[in-house]
Amino acid sequence: MPICKIALASALILTVFLSFHSETAEASDSANWDEGFEVPINGRNNPYNLAPEEYQAFVNQGKIHTQIYPVSVSGLIPPYDPVLRFLDTETDNPLLIALRKIFTATTGKTNLDDILGWVGLAKYPAITDSGVYQVPRPTTQKLPSRLGFGLIEKDGTTGFSISCAACHAGSLFGKTVLGMTNRFPGANHAFVSLKGLAPYADSTIFKIFNTATPGENRLFERAIKNLKAVAVRDPLLPGLDTSLSQVSLSLAKRNPDSWASKNDFLEAHPRYDRLQDVPADSKPAVWWNLKYKNRWLSDGSIVSGNPVFTNILWNEIGRGVDLHELDQWLSSNSKIIEELTTAVFSIEAPKYTDFFPAEKINLEAAKRGEVLFNQSCTQCHGQYQKAWSQPGSESLSAKDRLQTLQVNYKRHTPVFDVGTDRFRSQGMASLVALNKLEISQRNQTLVKTQVGYVPPPLVGIWARWPYLHNNSVPDLCSLLTSARNRPVTYYAGEAVNPNSDFDSQCNGYPKGAKIPSAWKTENRFYDTRRKGLGNAGHDEGIVSRNGVDIFSQEQKLDLIQFLQTL
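Residues numbered from 1 in each chain as written. Predicted model: local features only at pLDDT ≥ 70, side-chain atom pairs only at ≥ 80, totals over all residues. Heavy atoms only, no water.

1. With respect to the pairing of strand E4 (residues 175-178)
Here's step 1: As paired elements, strand E3 (residues 169-172) and E4 share four bridges and run antiparallel to each other. Within E4, the position partnered with Ala-169 by the bridge is Leu-178.
Here's step 2: The antiparallel pairing of E3 with E4 creates a hairpin that spans two residues between the two strands, and Phe-173 there sits at a positive phi of about 50 degrees. (Pairing = 2+ DSSP bridges. Helix = DSSP H or I, 4+ residues; strand = E, 2+ residues; numbered from the N terminus.)

So, in structure tokens, the structure goes:
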């Protein structure tokens, strides 16, 4: 076999873990996940009504699960040691050196950390923070310095997988925020790039070349087999996720029965699905809004069932798992699901004043913005009770005056069609087929297509730029402007330096001459004229009338000052 083919076969072990579902979508348990369940005021960060000590234990363990994927029957668990032997072990073997050069030329990566960075995994914080920024680092595993990469013991050997944190943990001006949108998740793109190597995979060559143990070889063969039941689609742009398409297109490789059983013919010749041609990309959702909702995903199409449970189900369809095997695992590991769910629902949003001095908020401007908000925005986004409105607030510190005391979001999560790009919500029509699955019915997961999207609670809205489900609006100034006057294109980048990477006045990406030069690359260029990336909507009757802005520039800035305090 040619050297390049051996290299490609070895490289494949790096691809089979890169499939996961990013939008958090809900398992019959002691919490209420019924359709139409009325959400209490201020949400439910403790869905199982646990006592304080038990609650904190569940949160802590659940946060570990978000980093080390707990599903030991996951469809794609490649063996770990062969990866290290191939990538990170010093060698004077000329053949191995040559193969590494070929691999580097193919992928542009030279070590495991490079690859995990390519996948988009955030780095662990150098200093352990508390509260919102507490990321309990697992102590039971010696892991790379990236969130979302974990080891799994299976079949007498060690494999590895990627967890929820890959899409739902991000870096914000030097702090790592668990539950925040990863602005540039790379797993979908990496998976597409490397899945093309599958035809070159050969378990015999893998075993010989990597001196693999029988257990490692079994994991490799299992992953290759399950990979055949997985279909992927490249995101339109970095920052967007194609997990919706991955689930639907992977289902098209299975039988249309109640267990979506495997079919060798369909794996090679899948049924047609519209998501082969139609984009349904969206950004990963923040976790801190889940507590306020009773339906999930950006379009509210999951109307019942535990969203964490459902996320695992969809995730594993996108990893080629046998659903009988998954059903057995889920039934036997309800505590893990409850810990993970409790952790996800406990997440709080980062505050603007954690990064900027409270004095940067002009209190009088924020109060004027509150009036405008209550006049124009509460019907969709709820009301927010501020500390500055309480008697005696004058004696509070500048930071404490800005606190939100109560979130009065809708008791029943609304969905409105305000003219935003429809491709994402229309894509859910392909996933109605999930309702027929036995595993969905047993656990109350129900998909109902919606026209439009959920107007989310605006807690932490300041940290969620760019805006709309498809990242088509770079800042809040633009979102408060008539769609025809919004930027058609913009450049995006990481939130590293608060002075250069963030426009605090408009709250979002810098524009014009303030764009960092390092951002001006093709894969950071956002063009809203592309199909699925449209920036229309959320304007007529909301921020404009007959195409004319309702708010003056001064009023927009007042509104933004208020929104930055939520």
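2. Some thoughts on the packing of helix H11 (residues 307-317) against helix H13 (residues 334-346)
Here's step 1: For the pair H11 and H13, interaxial distance at closest approach is 9 Å and the crossing angle is 115 degrees. Considering their axes alone, H11 and H13 lie roughly perpendicular with respect to each other. Contact with H11, carried on its side by Pro-307, Val-308, Phe-309 and Ile-312, involves Ile-337, Leu-340, Thr-341, Val-344 and Phe-345 of H13 and no other residues of that element.
Here's step 2: When its residues are assigned to classes, the contact of H11 with H13 shows eight nonpolar, one polar and no charged. (Axes fitted to C-alpha atoms, helices over the stretch in contact; angles between N-to-C directions. Parallel < 35°, antiparallel > 145°, perpendicular 65-115°, else oblique. Contact = heavy atoms within 4.5 Å. Nonpolar A, V, L, I, M, F, W, Y, C, P; charged D, E, K, R; others polar.)

3. Quick word on unusual backbone geometry
Here's step 1: Cis geometry marks the peptide bond from Trp-465 to Pro-466, where omega comes out at -5 degrees.
Here's step 2: Locating Pro-466 in the fold gives a position in the loop between strand E8 (446-447) and helix H19 (476-479).
Here's step 3: In this structure, Ala-260 takes a positive phi of about 45 degrees despite not being glycine.
Here's step 4: Here Ala-260 shows up in the loop between helix H9 (243-251) and helix H10 (264-268).
Here's step 5: Notably, His-538 is not glycine yet its phi reads approximately 55 degrees, a positive angle.
Here's step 6: By secondary structure assignment, the location of His-538 is in the loop between strand E10 (525-527) and strand E11 (544-545).

4. So, the pattern of salt bridges
Here's step 1: All told, the structure shown has 16 salt bridges when counted by the stated rule.
Here's step 2: Two residues, Arg-146 and Asp-113, come together in a salt bridge whose shortest N-O distance is 3.1 Å. Taken together, the residues Arg-146 in the loop between helix H5 (112-119) and strand E1 (149-154) and Asp-113 in helix H5 connect sequence positions 33 residues apart.
Here's step 3: A salt bridge links Glu-438 to Arg-442, with the shortest nitrogen-to-oxygen separation between them at 3.3 Å. Placement of both Glu-438 and Arg-442 in helix H18 (residues 438-442) is noted, with a separation of four residues, approximately one turn of the helix.
Here's step 4: Judged by relative accessible area, which is 27%, Glu-438 ranks as partly exposed.
Here's step 5: Via salt bridges that share partners, Asp-327, Glu-438 and Arg-442 belong to a single interconnected network. (Salt bridge = Lys/Arg side-chain N within 4 Å of Asp/Glu carboxyl O. Buried < 20%, exposed > 50% of the residue type's maximum accessible area, 1.4 Å probe, protein only.)

5. Side note on the state of the cysteines
Here's step 1: Using the criterion set out here, one finds one disulfide in the structure.
Here's step 2: Here Cys-164 stays free of any disulfide, with the sulfur of Cys-167 as its closest cysteine sulfur at 9.5 Å.
Here's step 3: On the accessibility criterion, Cys-164 (15% relative accessible area) is buried.
Here's step 4: Cys-377 carries a free sulfur, and the closest cysteine sulfur to it, the one in Cys-380, is 8.4 Å from it. (Disulfide = S-S within 2.5 Å.)

6. Some words on H9
Here's step 1: For H9, the buried fraction is high: nine of the nine residues fall into the buried class.
Here's step 2: When H9 is considered as a whole, its buried residues turn out to be Ser-243, Leu-244, Ser-245, Gln-246, Val-247, Ser-248, Leu-249, Ser-250 and Leu-251.

7. Regarding H13
Here's step 1: Compared with the 18 Å implied by 1.5 Å per residue over 13 residues, the 18 Å span of H13 between its first and last C-alpha is a close match.
Here's step 2: Counting buried positions over the 13 residues of H13 gives 11, a clear majority of the element.
Here's step 3: Among the residues of H13, those classed as buried are Ile-336, Ile-337, Glu-338, Glu-339, Leu-340, Thr-341, Thr-342, Ala-343, Val-344, Phe-345 and Ser-346.
Here's step 4: Elements in contact with the buried residues of H13: helix H2 (52-67), H11 and helix H12 (323-332). (Expected span 1.5 Å × (residues − 1).)

8. Some remarks on the packing of aromatic side chains
Ring pairs (aromatic) are described by centroid distance and by the angle formed between their planes.
Here's step 1: A full pass over the atoms with the stated rule returns 26 aromatic pairs.
Here's step 2: When the centroid spacing of 5.8 Å and the interplanar angle of 90 degrees are considered together, the rings of Tyr-133 and Phe-355 count as edge-to-face. Remark: Phe-355 occurs in the loop between H13 and helix H14 (363-376) and Tyr-133 occurs in the loop between H5 and E1; sequence separation between them is 222 residues. For the pair formed by Tyr-133 and Phe-355, the shared burial category is buried.
Here's step 3: Ring geometry for Tyr-490 versus Tyr-526: centroids 5.0 Å apart, planes at 5 degrees, classification stacked. With a gap of 36 residues between them, Tyr-490 in strand E9 (residues 489-491) and Tyr-526 in strand E10 connect regions that are remote in the sequence.
Here's step 4: On the basis of relative accessibility, which here comes to 4%, the residue Tyr-526 falls in the buried class.
Here's step 5: Counting every residue linked through ring pairs, the aromatic cluster contains Tyr-133, Phe-173, Tyr-352, Phe-355, Phe-356, Trp-462, Trp-465, Tyr-490, Phe-502, Tyr-509, Trp-519 and Tyr-526.
Here's step 6: Just above the ring of Tyr-69 sits the side chain of Arg-319; from NZ or CZ to the centre is 4.3 Å. (Phe/Tyr/Trp six-rings, centres within 6.5 Å; stacked < 30°, edge-to-face > 60°. Lys NZ or Arg CZ within 6 Å of the ring centre and 35° of its normal.)

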